[in-house]
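Examination of the molecular architecture
Listed below are the residues making up each chain.
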Amino acid sequence: MTSRNEAKNLMELYSKFLVDMVALIENPSTHWRARAMAVNLLEVVWRPQDVQPTILTRVLLEGVVSPHPTLRDVTISLLARVLRSLKARAKTAGTDRTKVWRREVIRTGGDVVDTDTYLKNSVVSGATNIHDSSIVGWYCWPTKVKFYTLVGSEFDVGGDTLESLPYYDKESRESLELLSLTINQASFWEKLSLYHSQESSKGAEAFNSDLFNLVRVLAGQFEDSFVGHLKHAVVELVKDPKDKSKQRAAAELLAGLVRGSKNWSIPKTEKLWGWVMPILETAFQTASTETVRFWIDFLNAVLVNRDPRRVLPIIRFVFNWKLDPVAQSFFTEAKKLTLIKIVVSCFKWRLLPLYPPLLAELVSQIRHPYQQVRDVLGVVIDMIMQLLWHPSANSVEEIIQWSIFSGGSLHPDIYSANSFNGVVPVVLHESVKLVVENLFIDMKKWRAIERVNKIGPSDYGNASKTVIAWILGSMAWNATTAKFTCFHLQIPELFKMIDYGDLELQKMAAGIATMYSNLPFPLHFLPQVLDRILALLADPDLKWQVKLKLIPCLQILFFKNLLFLTSEMKVVILDTVSTLLLHPQVEIRNLAGVTLSGLVLCSERASISALKTKFEGSLKASKSAKKKTTLPPNPSTSPTTGSLHPLALQRHAAVIGLSSLILAFPYDVPSWMPAVLITLSSCISDQAPIGETVAKTFADFRRTHQDNWKEEGSKAFTEDQLSILSDLLISSSYYA
């Protein structure tokens, strides 16, 4: 009995506090700051579960059209909360008419979801299974799924009574009547649009989510009863495309209206799109650098967590807005791609049937002359490529089965039935395979076109920079669904870009190639990656400048994936690098030697013995190359200036190889090292660059071993070896 009395007393105090605060707010002599504080206090103590009093609704409706911005800001959010509480109370009381088009599907073990049909229906008007989520079903279908059905005119109840509202709270009828009466007056929307389209006094303007939420809940509660007045207000606002404040207010009002029309019948939504789309098309087309952000916010507010069929008119307009390669304004073209990017990011895989033709259209514009357009174009292409892949397993058990049969994706071909869906894809999706392959065929043609002006842009250069933006976008995205599907096409082209006569493109391609090497490749794909890199290094037609950029990529790949490389793969890598020691360009030979030194340190000791034997044999076979005077005639018919005799090249390669073995152990002296140093010492007086390489090797050896030479280093050598190497290993003293 005591607790009941306490509750009754508290409710009386709450009611009295509510009356006092409303009286304070409505008092003309009350300062605006005190009014705002009173509204804040009301929001703190407000009880959403109770019947909403008319006095509170009245003061909030007056506040949202108040001339003072601070008072508008504090009342608009509370009014939206009041409307949401009316909806919640109606649902609790069972007076929710929208429940007729909501249904929950519970699948049994034998039910299989047809994902392809589900995706096809996602972009077709009039389908029934509406699902407002862009992630459900992508990886695995749940056992329970809630669907919606678009209803026709039978959902609309005749008359303008409150009972015909989608959500009707009988106990709060007076508040509903006041709300309905107020929002159906043209003056309310005129004031609301006027005050909220004023320039912000806080500096930079931002999309007002409170106004958006207010219109959204009004549209959900009262449907299209006030649309005529709102339409007039919006039309007046969008007349001036340069006024960013009016454009912002129009975007907020339209976003709330479209978002709140979720429960409307098909005839009402069709009528809505009939006048909204012309306004949106004009707004998108005339949006400037200052106003486009508000319409981007509009798209984000309207599209997120919505079934594509609810907003098909917007999707069709954005996807059908073609790029113009001869346009004078790069901003207009970049704006088109930005809108596409927003739509794709909101719906993700749900628009899969629309992506292949869209991708073909985007790829056709890959040579666009404007950099700002190419940067966005590359990102959008990557987004679409990433979204083509979706496992869509029928159950969690199926996901586990994929992992078991593929060994955690190590052996994807074992489970061939779903190898593409079950593991990270490394092949092109069939729906876009032809488009992507034709792109790289065309790039070969563009590359062959002779440039009249070596400084100006070219089709190949522009296309290559778009491809680089595409690759960079895939690297920046955490998802791995399309990082490797175009590897066999992108990597060879990247190194061709390095050789192209465009300094900016060369730098970009070299940087991307290095970044590509750092990617965590799927283990089952790693052999293919290495084969591709090694094939490029072994290509005799590839210029040495390109190979100079490619060798560091091989280094990164080797060391990052060292734990996953088999012995056979390591041997192939060592053989390829040791072959590069015979390259006619000295820069390649030196870099190959440095690379071989690092590879040897992380390889099996048996490979060291094999390499040592190989290089020593090659050194003995080229004794005649010690001096230029002892060399036989050069068999080359047209030797280039400064080129080495084949025997001298062979001898230099052997010296670099032995030097690599020495420098692979900067702080140790293995048992085989003294003999190799003795062998190298016999080449110290050879012709350049052989003798120079030997001298540098001994200088590096002395530098890295001098700290512990007396204690440990010299003990590995015999007296005869130390005597031979004394001049090479021991620094001469100034006072000797």
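Reference entry: report on the structure contained in this document.

1. A few points about the overall build of the chain
The secondary structure content of the chain amounts to 31 helices and two strands. Looking at the chain as a whole, 50% of its 736 residues qualify as buried. If you sum the accessible surface of the chain, you get close to 34,800 Å²; carbon and sulfur atoms cover 57% of it. Charged side chains in the chain number 80 positive and 72 negative. The centres of these two groups are separated by 1 Å.

2. A look at the packing of aromatic side chains
This model, assessed by the stated rule, comprises 24 aromatic pairs. With a centroid separation of 5.6 Å and an interplanar angle of 85°, the aromatic rings of Phe487 and Phe525 are classed as edge-to-face. Note that Phe487 is positioned in helix 21 (residues 487-498) and Phe525 in the loop between helix 22 (503-517) and helix 23 (526-538), a separation of 38 residues in sequence. Per residue, the accessibility class of Phe487 equals that of Phe525, and both read buried. One aromatic cluster in this structure is built from Phe284, Trp295, Phe298, Phe317 and Trp321. Directly above the ring of Tyr148 sits Arg310, whose terminal nitrogen or CZ lies 5.5 Å from the centroid.

3. Details of helix 7 (residues 186-196)
Residues of helix 7 that are buried: Phe188, Trp189, Leu192, Ser193, Tyr195 and His196. Contacts from the buried residues of helix 7 go to helix 3 (54-63), helix 4 (69-93), helix 6 (173-183), helix 8 (209-222), helix 9 (227-237) and helix 10 (244-260).

4. Brief notes about the environment of Lys244
Its location among the elements puts Lys244 in helix 10. Between the alpha carbons of Lys244 and Glu199 there is a distance of 8.3 Å; along the sequence they are 45 residues apart. Aside from chain neighbours lying at most four places away, what touches Lys244 is Glu205, Glu290, Thr291 and Phe294.

5. Focus: the side chain of Gln721
Mapped onto the elements of the fold, Gln721 is located in helix 31 (residues 719-729). Setting aside chain neighbours within four positions, we find Gln721 in contact with Pro674, Ala675, Ile678 and Ala716.

6. Observations regarding unusual backbone geometry
A cis geometry characterises the amide bond from Ala688 onward to Pro689, with omega recorded as 5°. With respect to the helices and strands, the residue Pro689 is situated in the loop between helix 29 (673-681) and helix 30 (690-705). The phi dihedral of Lys348 falls on the positive side, at around 50°, and the residue is not glycine. When you line up the elements, Lys348 lands in the loop between helix 14 (330-347) and helix 15 (355-363). Judged by relative accessible area, which is 32%, Lys348 ranks as partly exposed.

7. Brief notes about the packing of helix 12 (residues 292-303) against helix 14
Across the interface, helix 12 lies against helix 14 with an axial gap of 9 Å and an inter-helix angle of 20°. With respect to each other, helix 12 and helix 14 are oriented roughly parallel. Handedness of the crossing formed by helix 12 with helix 14: right-handed. On helix 14, the residues touching Val292, Ile296, Leu299, Asn300 and Leu303 of helix 12 are Phe331, Lys335, Thr338, Leu339, Ile342, Val343, Cys346 and Phe347. Across the contact of helix 12 with helix 14, the residue classes tally to 10 nonpolar, two polar and one charged.

8. Focus on helix 19 (residues 433-448)
With 16 residues, helix 19 extends 23 Å from end C-alpha to end C-alpha; this agrees with the ideal 22 Å at 1.5 Å per step. Within helix 19 the residues assigned to the buried category are Val436, Leu439, Phe440, Met443 and Trp446. Projected onto a plane normal to the axis of helix 19, the buried residues spread over an arc of 115° and lie on a single side. Pointing more than 90 degrees away from the buried face of helix 19 are the exposed residues Leu434, Lys444, Lys445 and Ala448. Contacts from the buried residues of helix 19 go to helix 15, helix 16 (371-387), helix 20 (459-476) and helix 21.

9. As for the nonpolar core
By size, the foremost hydrophobic cluster in this structure holds 208 residues, and its most contacted members are Phe298 and Met385. Contacts of Phe298, omitting those with residues within four sequence positions, involve Phe207, Ala251, Leu254, Ala255, Leu280, Phe284 and Ile314.

10. Regarding a nonpolar patch on the surface
Judged by side-chain polarity, Val396, Ile400 and Ile404 come together as a nonpolar surface patch covering roughly 300 Å² of accessible area. As for its placement among the helices and strands, Val396 is situated in helix 17 (residues 396-405).

11. Topic: the pattern of salt bridges
What the rule picks out here adds up to 26 salt bridges. Glu205 is paired through a salt bridge with Arg248; the nearest N and O atoms lie 2.6 Å apart. Of this pair, Glu205 sits in the loop between helix 7 and helix 8 while Arg248 sits in helix 10, and the two are 43 residues apart along the sequence. Judged by its relative accessible area of 4%, Glu205 is buried.

12. Describing the packing of helix 15 against helix 16
Axis separation between helix 15 and helix 16 bottoms out at 10 Å; the angle between their running directions is 155°. With respect to their mutual orientation, helix 15 and helix 16 come out roughly antiparallel. Crossing of helix 15 against helix 16: the hand is left-handed. Here helix 15 contributes Tyr355, Leu358, Leu359, Leu362 and Val363 to the contact with helix 16, which in turn contributes Leu377, Val380, Ile381, Ile384, Met385 and Leu387. Tallied by class, the residues present in the contact of helix 15 with helix 16 amount to 11 nonpolar, no polar and no charged.

13. Remarks on the environment of Leu503
Checked against the element boundaries, Leu503 lands in helix 22. For the pair formed by Leu503 and Ile455, sequence separation is 48 residues and the distance between their alpha carbons is 9.5 Å.

14. Some thoughts on the side chain of Thr697
Structurally, the position occupied by Thr697 is in helix 30. You can call Thr697 buried: its relative accessible area is 3%. Excluding residues that lie within four positions of it along the chain, Thr697 makes contacts with Ser659, Ile662, Leu663 and Leu680.

15. A few points about the state of the cysteines
Per the counting criterion, the structure on display carries zero disulfides. Lacking any disulfide linkage, Cys486 is separated from the closest cysteine sulfur, that of Cys553, by 18 Å.

16. Focus on the environment of Ser125
Secondary-structure assignment places Ser125 in the loop between helix 5 (115-121) and strand 2 (144-148). Sequence-wise, Ser125 and Leu562 are 437 residues apart; in three dimensions their C-alpha atoms are separated by 53 Å. The contacts of Ser125, once residues within four sequence positions are left out, are Leu312 and Arg316.

Rules of the game
- Residues numbered from 1 in each chain as written.
- Predicted model: local features only at pLDDT ≥ 70, side-chain atom pairs only at ≥ 80, totals over all residues.
- Heavy atoms only, no water.
- Helix = DSSP H or I, 4+ residues; strand = E, 2+ residues; numbered from the N terminus.
- Buried < 20%, exposed > 50% of the residue type's maximum accessible area, 1.4 Å probe, protein only.
- Areas by Shrake-Rupley, 256 points an atom, 1.4 Å probe, with all protein chains shown as cover.
- Lys, Arg positive; Asp, Glu negative; His and termini not counted.
- Charge placed at Lys NZ, Arg CZ, Asp CG, Glu CD.
- Phe/Tyr/Trp six-rings, centres within 6.5 Å; stacked < 30°, edge-to-face > 60°.
- Lys NZ or Arg CZ within 6 Å of the ring centre and 35° of its normal.
- Contact = heavy atoms within 4.5 Å.
- Axes fitted to C-alpha atoms, helices over the stretch in contact; angles between N-to-C directions.
- Parallel < 35°, antiparallel > 145°, perpendicular 65-115°, else oblique.
- Left-handed = near helix turned anticlockwise from the far one by under 90°.
- Nonpolar A, V, L, I, M, F, W, Y, C, P; charged D, E, K, R; others polar.
- Expected span 1.5 Å × (residues − 1).
- Arc of directions from axis to C-beta.
- Core = buried A, V, L, I, M, F, W, Y, C linked by side-chain atoms within 4.5 Å.
- Patch = residues over 30% accessible without salt bridge, like charges linked within 9 Å, V, L, I, M, F, W, Y side chains within 5 Å.
- Salt bridge = Lys/Arg side-chain N within 4 Å of Asp/Glu carboxyl O.
- Disulfide = S-S within 2.5 Å.

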